[in-house]
Amino acid sequence: MKIGIFGGSFNPPHNMHKNIALNLINNGYVDKIIYIPTGDSYNKKGLINFQDRYNMVNLMIENNNNLSLSDIGNNENYKYTYQTLDYFKEKYKTEEIYFVCGTDNLNDFNNWKEYEYILKNYKLLVIRRNNDDINEILKKYENYKDNIIIINIKMNNLSSTYIRKILKNKQEVLKYIDKNVYLYIKNKLLYK
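Residues numbered from 1 in each chain as written. Predicted model: local features only at pLDDT ≥ 70, side-chain atom pairs only at ≥ 80, totals over all residues. Heavy atoms only, no water.

1. Comments concerning the overall build of the protein
Filter applied, for reference: Secondary structure is summarised from DSSP: a helix means a run of H or I of at least four residues, a strand means a run of E of at least two, and numbering begins at the N terminus for each. The cut-offs for exposure are 20% and 50% of the maximum accessible area for each residue type, with area from a 1.4 Å probe on protein chains only; residues under the lower value are buried, those over the upper are exposed, and the others partly exposed. Any two residues whose heavy atoms approach within 4.5 Å are treated as being in contact.
The number of helices and strands found in the protein is nine helices and six strands. With the C-alpha coordinates aligned to their principal axes, the bounding extent of the protein is approximately 50 × 35 × 30 Å. For the protein, buried positions account for 45% of its 192 residues. Taking as baseline every contact in the protein between residues at least 6 positions apart, the subset at least 24 positions apart corresponds to 72%.

The structure is reproduced here in structure tokens:
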């Protein structure tokens, strides 16, 4: 089984997060996607608590058997991506663990803890974002180019930041997030 690990803050999760996962599955890159929301210790401005982000991802993916969710991102023993990937490799007893990220992450990947270990032992499914110059970014990882797979998915520049800005406009925001996620945000008074 080919498993994709999709980490992120998901603050909040939106349709593009789901569309990327479904595209990767439908095009045979992976059989299953596991979403890993970052933990509360992740230092990012405006990040709401882990449990709410976890619950929203769960609402977004319900009724999709090939999409699942793990709370390992909030476990201090798995603070770094390489630890999380090793955990799932051991759990599923498979060599086919893929890390899903955007070109923005790949551009900064050489600053991640044990990034060379990740590139030697796992494959990256890199989603092209914006107009990033992928050839320029790949020059940093010349020795690992066989483990970096560039995925061209038709994407808009949707971001969680944009979702937070338009939350007051229900009609507009429901174009970009699941209705149940929207209701969760409203009922819990998140992002005020």
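2. As for the environment of K18
Positionally, K18 belongs in helix 1 (residues 15-26). Taking the C-alpha atoms as reference, K18 lies 31 Å from N143; in sequence the two are 125 residues apart. In this structure K18 touches Y35, M60, N64 and L67, once residues within four positions along its chain are discounted.

3. Observations regarding the pattern of salt bridges
The line we're drawing: Salt bridges are defined as contacts in which a side-chain nitrogen from Lys or Arg sits within 4 Å of a carboxyl oxygen from Asp or Glu.
On inspection of all chains with the given rule, the structure shows six salt bridges. With a shortest N-O distance of 3.9 Å, R53 and D40 are connected by a salt bridge. One end of the pair, R53, is in helix 2 (residues 50-61); the other, D40, is in the loop between strand 2 (32-37) and helix 2, with 13 residues separating them in the sequence. Across the pair E172 and K175 runs a salt bridge, and its minimum N-O distance is 3.1 Å.

4. Structural notes on the sheet that holds strand 1 (residues 3-8)
Rules: Should DSSP find at least two bridges between two strands, the strands are regarded as paired. To get an axis, fit a line to the C-alpha atoms, keeping to the stretch in contact for a helix; angles then go from 0 to 180 degrees between the N-to-C directions.
One open sheet accounts for six strands, arranged 3-2-1-4-5-6; its pairing is parallel. Taken across any chain shown, the strands that pair with only one partner, and hence form the sheet edges, are strand 3 (67-69) and strand 6 (148-151). Strand-to-strand twist in this sheet, taken as the mean axis angle between neighbours without regard to direction, amounts to 30°. Across four bridges, the pairing between strand 1 and strand 4 (residues 97-102) is parallel. Bridging from a neighbouring strand, I3 pairs with I97 of strand 4.

5. Quick word on the packing of aromatic side chains
As a reminder, the rule being used: Here a pair means two rings of Phe, Tyr or Trp (six-membered ring of Trp) with centres within 6.5 Å. Their orientation is stacked below 30 degrees between planes, edge-to-face above 60, and tilted elsewhere. Only when the NZ of Lys or the CZ of Arg is both within 6 Å of the ring centre and within 35 degrees of the ring normal is a charge said to sit over the ring.
Taken as a whole and assessed by the stated rule, the structure comprises 14 aromatic pairs. Taken together, a centroid distance of 6.0 Å and an interplanar angle of 80° make the contact between Y82 and Y117 edge-to-face. Placement of Y82 in helix 3 (residues 81-92) and of Y117 in helix 5 (residues 115-121) is noted, with a sequence separation of 35 residues between them. Here F109 and W112 contribute two aromatic rings whose centre-to-centre distance is 4.7 Å and whose plane-to-plane angle is 45°, an arrangement assigned as tilted. Through a chain of ring-to-ring contacts, the aromatic side chains of F99, F109, W112, Y115 and Y141 assemble into a single cluster. Geometry around Y80 places K113 over its ring, the cationic atom sitting 5.5 Å from the centre.

6. Points about the environment of V181
Within the secondary structure, V181 sits in helix 9 (residues 179-188). If we skip the residues at most four places from it in the chain, V181 touches P13, M56, L59 and M60.

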